[in-house]
Amino acid sequence: MNRTLLMSTNIGLAVALGGASPPPMAIPAIHPANTKFSAVPARAASRAPVANMPRRVPRHPPHVVKQPLPAAVRHVIAANRDATREPAAQGFTDAAQLYPYAEGALYHVYAAPGRVTDIALQPGETLGSVASGDTARWVIGDASSGSADSRRTHVLLKPFSAGLSTSLVITTDRRIYHVTLTSTAGPAMAMLSWTYPQDDLIALKHAAEKAEGAIPVATGVDVEQLHFNYAVSGDAPGWRPLRAFDDGRQTFIEFPASLATGEAPPLFVVGAKGDAQLVNYRVRGRYYVVDRLFDVAELRLGLKHQQVVRISRTGNVPASRRGA
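Keep in mind it's a predicted model, so treat the numbers as computed, not measured.

Rules used throughout
- Residues numbered from 1 in each chain as written.
- Predicted model: local features only at pLDDT ≥ 70, side-chain atom pairs only at ≥ 80, totals over all residues.
- Heavy atoms only, no water.
- Salt bridge = Lys/Arg side-chain N within 4 Å of Asp/Glu carboxyl O.
- Helix = DSSP H or I, 4+ residues; strand = E, 2+ residues; numbered from the N terminus.
- Buried < 20%, exposed > 50% of the residue type's maximum accessible area, 1.4 Å probe, protein only.

Undergrad: Describe the pattern of salt bridges, naming the residues involved and giving the relevant values.
TA: For the structure shown, the criterion picks out 10 salt bridges. A salt bridge links Arg-310 to Glu-298, with the shortest nitrogen-to-oxygen separation between them at 2.7 Å. Residue Arg-310 is located in strand 20 (residues 307-313), and its partner Glu-298 is located in strand 19 (residues 296-301); the two are separated by 12 residues in the primary sequence. According to the relative accessible area criterion, Arg-310 is partly exposed, its value standing at 32%. Assessed through its relative accessible area of 8%, Glu-298 is described here as buried. Each of Glu-125, Arg-175 and Asp-199 takes part in one network of salt bridges that share partners.

Undergrad: Describe unusual backbone geometry, and please don't skip the residues or the numbers.
TA: Backbone geometry at Asp-94 places phi at a positive 55°, although glycine is not the residue there. Note that Asp-94 resides in the loop between strand 2 (92-93) and strand 3 (96-100). Using a relative accessible area of 79% as the deciding quantity, one classes Asp-94 as exposed. Positive phi is not limited to glycine here, since Ala-148 has a value of about 55°. Residue position: Ala-148 is located in the loop between strand 7 (138-145) and strand 8 (152-159).

Next up, the structure:
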């Protein structure tokens, strides 16, 4: 190619100078006998390994061995998972989610940017403090509604963006709430509150006790036939009876009001030979009602350090004359 370019250049120069064209240059002929060809095709030769070149070993990314979590961490994860209460369709009243309150449970709340979620506490419950794990990306405040006994505290929250997760702890004068917060790009929970099964059971118990207290200990009792000639002696526990009396058929043992909150002692009737026999009785409020008369009885409570209170009938009127 270089020779051809040179020849063309010389011819052009001679013509431009007005001279005669130079004689053509002799190009040596290439004879096949003078040329050596490789027996390996060109494409195959290009793939032939080059001598003394180190062989390239394919590189693989290092294998990363994932270490198992410690047992304590696994226990925490499992406990939090089991304790978490998620919103359920049957728990909604309109747009408000109602969770049954249980101490130690985690309540999951879903919020969204541009939306305010209302956490309503029990009416009459006084807010103590609110603590959050992320106060930089969540707006958290409180407000109140109602007045007097119906006054209700509300904890209001809103995330700055979606994809956030943190925890919230609310303390009050009655209980503590543990809440898990998650922000999404979708809709948010408008409101959530709790039902309180334990409080309902306590209210039912108080109502039952009040109704039972209104029932008379006994009916058809002739006040003229009441006998109060009983002496109380022995130990002085908190449940020591105030007095005992009978109406000629039944014996009544009156206890202090603390009997309802403590353990009730069993009643034993002591025979003439000192043998004790457990006797049947009914509990009416703070009274034991025994459907018989006795001369001596004992209230016993405890095993190793037993407390014993003796109730003895005094006077000379034999029980046999009074319907024993």
